[in-house]
Structure formats: C-alpha cells, structure tokens
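These are the residues of each chain, in order.
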Amino acid sequence: MEVTAVPWWVWPIALAAVGFLIGVVAVLAGIGGGVLFVPIVGSFFPFHLDFVRGAGLLFALAGTLAAGPQLLRNGMASLRLVMPLGLAGSICSVAGAIVGLNMTADLLQALLGALVIAIAIVIWSTRSAEGGLVDPDALARMLKLEGKFTDPAAGTRIDWKTHRTLGGFAAFGAIGFLGGVFGLGAGFANVPALNLLMAAPLKVAVGSSGLIISIINSSAAWVYIHRGAVLPLLVVPAVLGVMLGSRLGARLLERVPAQLVRWLVIIVMLAAGVRALLRGTGLWI
Amino acid sequence: MQATYARWLDAATRVGFAISLVAFLVYVSGAVEPFVPLEQLPQLWTLSAARYAEATGAPTGWGWLGMLGYADFLNLAAVALFGLVTLACYARSVPLLFAEGERLQAFIALAQVLVLAAAAAGFFTGGR
C-alpha cells in the first residue's frame, strides 16, 4: 500500500504513539526527547523534513516548557546561568533555522544522519563531572554565574560557580545553530557544555539545559512558523504523546535499569542515523 | 525573580496546552472546516514547506492570522502560543531585574525579549 493511500488519521495516532515511547525512553535515559523525534520521524515517516523539523522544535519546546516551572522552583535550573547562554543560543538558532530551510532535503537528511550518529557516540562516551567550586573567570564573576541548591537525594546543600564562560558562549552558539538547522532539542550537548566545560553541577546542568532549550527553540520555531513549515496535525499528537510518556517514564525510573535504556537509545539513534544517511545519499529511499 | 518566572511559565504553559488541545479537537472533529482538507494532507505533506504553500495557496509570514476561521490555521495559532510563552516570561522579568538592581541581567533579558519579538514578528524571515 502506498503511504499516500494510508488514511490521514492513522498518522496522528502513530505520531502520538511515537511521542509516547520517546517520552518514556527520554526520561529513563536522561536525554531530551527532541533529539530522538526528528531522526526517528524524519527517517521512518513520509512527511517532508521541513515539517518534521518544525514539529521537532515545537515538540522539544513544549516538553521543556512543561518541565521548567518545577526545575526553577527546586533550584535545579538557574535563570542566572540560563539567560546569557540562552541569548547566544537563541540568536544562532534563528540563523540556523534560516540556513536549514534553504538547504535541499537530501543534503539535510544526509547531514542529519551524520549528526545523529555523532550524537549517539557522544551519548555513549559522555561522562559527568561533579562540578562545584571552581575559580570563576572575570566574565562569570561579572554575570554572577553562581548559585546554590539543595540536593534532596544526598541531603546536602551545594554552592556552585562556573568558569570558561567564553567557551560556554561559543558552545551554546554552536548548539543553537545546529538546533535551528535540524529542529532538534539539544539536551545531549547542553548538559556536557554546562557540566564538563563550565563546571556547573550535573543536576543544575540537566535542569538548566531544559530551560535553555525552551529559549533557543522559541526563536527558531518562529522562523519555521513564518515559512509555513509547521503542520499542527503533526505537532499536537506528538506533544500530547510525549507528555503522557514522560509521566510513565518518571514512574518507571526506579524500576528500569538506566544503562539498558541508554543502550536502547544509542541503538535507535544509530539505526535512525544510518537510515537518514542512506535516504539523504539516495542509497535507500 | 526566579520564582516569578516559574509562576508565569507555569500559567502560560498550562493555558497554551489547554488551548492547543481544544483547537486540535475542533480541527480533527471536523466541527470547523479546515483550509486544506484533512484527506488531502497525505499527498501534500511530502512536499517541502515552500511547495506545500504553493500547492495549497496557504499564506506564509503572518498571513495565517487572517485565516483563523479555518480549523487548521486556528490550530496553528494555538500551537504558535508556545512560541510566545518564553517571551512573556522574559518581558515580566525585565522590570523585576531592574528593580532588584541587577542591571546587567536586566539588559540581557531585554536583549532576549528583542530577539524573540523580532523572530515572532517575522523580522528574520520576511514574515511581516
């Protein structure tokens, strides 16, 4: 059966199901769901990549907006840290979105495939650092990139500072640009940039990463909306699916081995990346 | 200020989700006619965004604001609300930061408001 002959209503249901599964897996693996949505839907669904990327940006945006209030209230996200880095990422994401919407679909698909394979390798190889009290550079002192939070698991209060601020700006500029081009949330890159590069504690890095995605994707989403690259029939079911899936994922968090899920994510991303690469190069349409 | 941002974010996101869900149900139930019939979408969503707009006559930029009588554009407007949530929260934060004497952070927040407002206005994409 030709995919265009499949009734329209099958696709939103399939997207809601994929969104649900991504929601479960993303929470268990500790990554943003946005990074899974575009490669999976772009490789295995019939939609043009323009619409998949538009939906991917809003998918990641809605998820991070929903999580933001709780992360801010419990001190896991620091607005002071997020604001300057989000601004750099936000400006670059607009440029990325414009570049992405002017590239051919085949080139984008091939580049997306290569990027997703690289991300899978990053997820596989990334380790975390504890962060904490480093010697802040002059820019970090000026921007007061520091804070404190209470870790309920350890029952301790952690005072933290960051350093390598210029490197952080460059990293978030690059992350924003790639996010705009490919319609990805970029939690996979935000967390190492905040934790390993700038020395923010891992929990603050994870929490602040979500908030930064909400800022970066807000700017890029408007470029896609204005270019007509957002089809609500693709966005809303996926968003609803991921919200329900995230809730289930949070409940399963204590029961499912995180390492197993992490490997599952890496395998799925490698499969989607290879599929996108082959599709983009015309080897497997 | 962080607490106020969290409160605004929470409220704006809840409103955005509720409106999106209602608009989506209106769209797929057929209660309001869409500009592009749902049955035709499987033939059209394989096209690029530019060719889709050409084939359907759907407007780009802010042109969709004049089409809110159609279910698909009503739904697009609802989804676009998500793009305004951060802008609203930042706009609320700017005066608070100035009042707290955090001038540098206030100017960063103001710059972010301008970037988001310019993106929303279509300044970068000819959307005006």
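Not measured: the values here are computed from a predicted model.

### Quick notes on the overall build of chain B
Alright, step 1. Broken down by element type, chain B carries 6 helices and 0 strands.
Alright, step 2. When the helices and strands of chain B are placed in sequence order, the string is α-α-α-α-α-α.
Alright, step 3. Taken against the 2.2 N^0.38 rule, which gives 14 Å for 128 residues, the C-alpha radius of gyration of chain B at 18 Å runs more than 25% over that of a compact globule.
Alright, step 4. Taking the principal axes of its C-alpha atoms as reference, chain B extends roughly 55 × 30 × 25 Å.
Alright, step 5. Going through the 128 residues of chain B one by one, you find that 38% of them count as buried.

### Description of the overall build of chain A
Alright, step 1. On a plain count of helices and strands, chain A comes out with 11 helices and 2 strands.
Alright, step 2. Ordered by position from the N terminus, the helices and strands of chain A form the series α-α-α-α-α-α-β-β-α-α-α-α-α.
Alright, step 3. A compact globule built from 285 residues would reach a C-alpha radius of gyration of about 19 Å, and chain A, at 18 Å, matches this within 12%.
Alright, step 4. Taking the principal axes of the C-alpha coordinates as reference, chain A spans close to 60 × 40 × 30 Å.
Alright, step 5. For chain A, the proportion of its 285 residues judged to be buried stands at 61%.
Alright, step 6. Partitioning the intrachain contacts of chain A with sequence separation of at least 6 by distance along the chain shows that 83% fall at a separation of at least 24.

### Things to note about the nonpolar core
Residues and elements named next belong to chain A.
Alright, step 1. Counting 141 residues, the largest nonpolar core has Leu58, Phe59, Val230, Val235 and Ala238 as its most contacted members.
Alright, step 2. Among the elements that make up this core, the one with the highest residue count is helix H3 (residues 49–73) (15 residues).
Alright, step 3. For Ala238, the residues in contact, after removing those within four places along its chain, are Leu15, Ala16, Val18, Gly19, Phe37, Ala55 and Phe59.

### With respect to the packing of helix H4 (residues 79–101) of chain A against helix H9 (residues 202–226) of chain A
All names here are of chain A.
Alright, step 1. Relative to each other, H4 and H9 sit at 35°, their axes nearing to 8 Å. Judged by the twist between their axes, the crossing of H4 over H9 is right-handed. Touching Leu81, Val82, Leu85, Gly86, Gly89, Ser90, Ser93, Val94, Gly96, Ala97, Ile98 and Leu101 of H4 are Ser208, Leu211, Ile212, Ile215, Ile216, Ser219, Ala220, Val223 and Tyr224, all from H9.
Alright, step 2. In terms of residue class, the contact of H4 with H9 is made up of 14 nonpolar, 7 polar and no charged.

### Focus on the interface of chain A and chain B
The extent of an interface is frequently quoted as the accessible surface area lost upon association of the parts.
Alright, step 1. With 49 residues of chain A at the contact, the number on the chain B side is 48 residues.
Alright, step 2. Mapped by element, the contributors of at least two residues to the side of chain A that touches chain B are H3, H4, helix H6 (138–143), H9 and helix H10 (232–252) of chain A.

### What to know about unusual backbone geometry
Residues and elements named next belong to chain A.
Alright, step 1. A positive phi angle, near 55°, is found at Lys144, a position not held by glycine.
Alright, step 2. Along the polypeptide, Lys144 turns up in the loop between H6 and strand E1 (146–151).
Alright, step 3. In this model, Ala199 sits at a positive phi of 75°, which is unusual for a non-glycine residue.
Alright, step 4. Structurally, the position occupied by Ala199 is in the loop between helix H8 (187–197) and H9.
Alright, step 5. Owing to 23 C-beta atoms within 10 Å, Ala199 belongs among the buried residues under this scheme.

### So, the environment of Ala193(A)
All names here are of chain A.
Alright, step 1. Assignment of secondary structure puts Ala193 in helix H8.
Alright, step 2. On the basis of neighbour count, Ala193 is assigned to the buried category, with 24 C-beta atoms found within 10 Å.
Alright, step 3. As for Ala193 and Ala171, which are separated by 22 residues in sequence, their C-alpha atoms are 6.7 Å apart.
Alright, step 4. Sequence-distant contacts of Ala193, defined by excluding residues within four places in its chain, comprise Gly168, Ala171, Phe172, Ile175 and Met198.

### A few points about the packing of H8(A) against H9(A)
When two helices pack together, their arrangement is captured by the angle between the axes and the distance separating the axes.
Residue and element names in this part refer to chain A.
Alright, step 1. Close contact between H8 and H9 brings their axes to 8 Å; oriented N to C, the two are set at 135°. Considering their axes alone, H8 and H9 lie oblique with respect to each other. Note on packing geometry: the crossing formed by H8 with H9 is right-handed. Contacts between H8 and H9 involve Gly187, Asn190, Val191, Leu194 and Asn195 from the former and Leu202, Ala205, Val206, Ser208, Ser209, Gly210, Ile212 and Ile213 from the latter.

### Section: helix H1 (residues 2–29) of chain B
Alright, step 1. The first and last C-alpha atoms of H1(B) sit 40 Å apart over 28 residues, in line with the 40 Å expected at 1.5 Å per residue.
Alright, step 2. Along H1(B), the residues classified as buried are Tyr5(B), Ala6(B), Leu9(B), Ala12(B), Thr13(B), Gly16(B), Phe17(B), Ser20(B), Ala23(B), Phe24(B) and Tyr27(B).
Alright, step 3. Where H1(B) is buried, its residues meet H3, H4 and H10 of chain A together with helix H4 (71–80) and helix H5 (82–99) of chain B.
Alright, step 4. Gly30(B), located one to two residues past H1(B), shows a positive phi value of around 80°.

### Considering the environment of Leu244(A)
Residues and elements named next belong to chain A.
Alright, step 1. Tracing the backbone shows Leu244 in helix H10.
Alright, step 2. Accessibility expressed as a C-beta count within 10 Å gives 14 for Leu244, which makes it partly exposed.
Alright, step 3. Between the alpha carbons of Leu244 and Leu21 there is a distance of 9.3 Å; along the sequence they are 223 residues apart.
Alright, step 4. Setting aside anything within four residues of it in sequence, one finds Leu244 in contact with Phe20 and Gly23.

### Some remarks on the environment of Met243(A)
Residue and element names in this part refer to chain A.
Alright, step 1. Its location among the elements puts Met243 in helix H10.
Alright, step 2. Remark: the alpha-carbon pair of Met243 and Phe20, spanning 223 residues in sequence, is separated by 7.2 Å.
Alright, step 3. If we skip the residues at most four places from it in the chain, Met243 touches Gly23 and Ala66.

### Quick word on the confidence of the model for chain B
Alright, step 1. Chain-level statistics for chain B give a pLDDT mean of 92 and a share of 98% at 70 or above.
Alright, step 2. Per the prediction output, this complex has pTM 0.88; the corresponding ipTM is 0.93.

Parameters at a glance
Residues numbered from 1 in each chain as written. Chains lettered and ligands numbered in written order. Predicted model: local features only at pLDDT ≥ 70, side-chain atom pairs only at ≥ 80, totals over all residues. Helix = DSSP H or I, 4+ residues; strand = E, 2+ residues; numbered from the N terminus. Rg over C-alpha atoms; globule rule 2.2 N^0.38 Å. Buried ≥ 20, exposed ≤ 12 C-beta atoms within 10 Å, placed from the backbone. Contact = placed C-beta atoms within 7 Å. Core = buried A, V, L, I, M, F, W, Y, C linked by C-beta atoms within 7 Å. Axes fitted to C-alpha atoms, helices over the stretch in contact; angles between N-to-C directions. Left-handed = near helix turned anticlockwise from the far one by under 90°. Nonpolar A, V, L, I, M, F, W, Y, C, P; charged D, E, K, R; others polar. Parallel < 35°, antiparallel > 145°, perpendicular 65-115°, else oblique. Expected span 1.5 Å × (residues − 1). pLDDT = per-residue confidence, 0-100.

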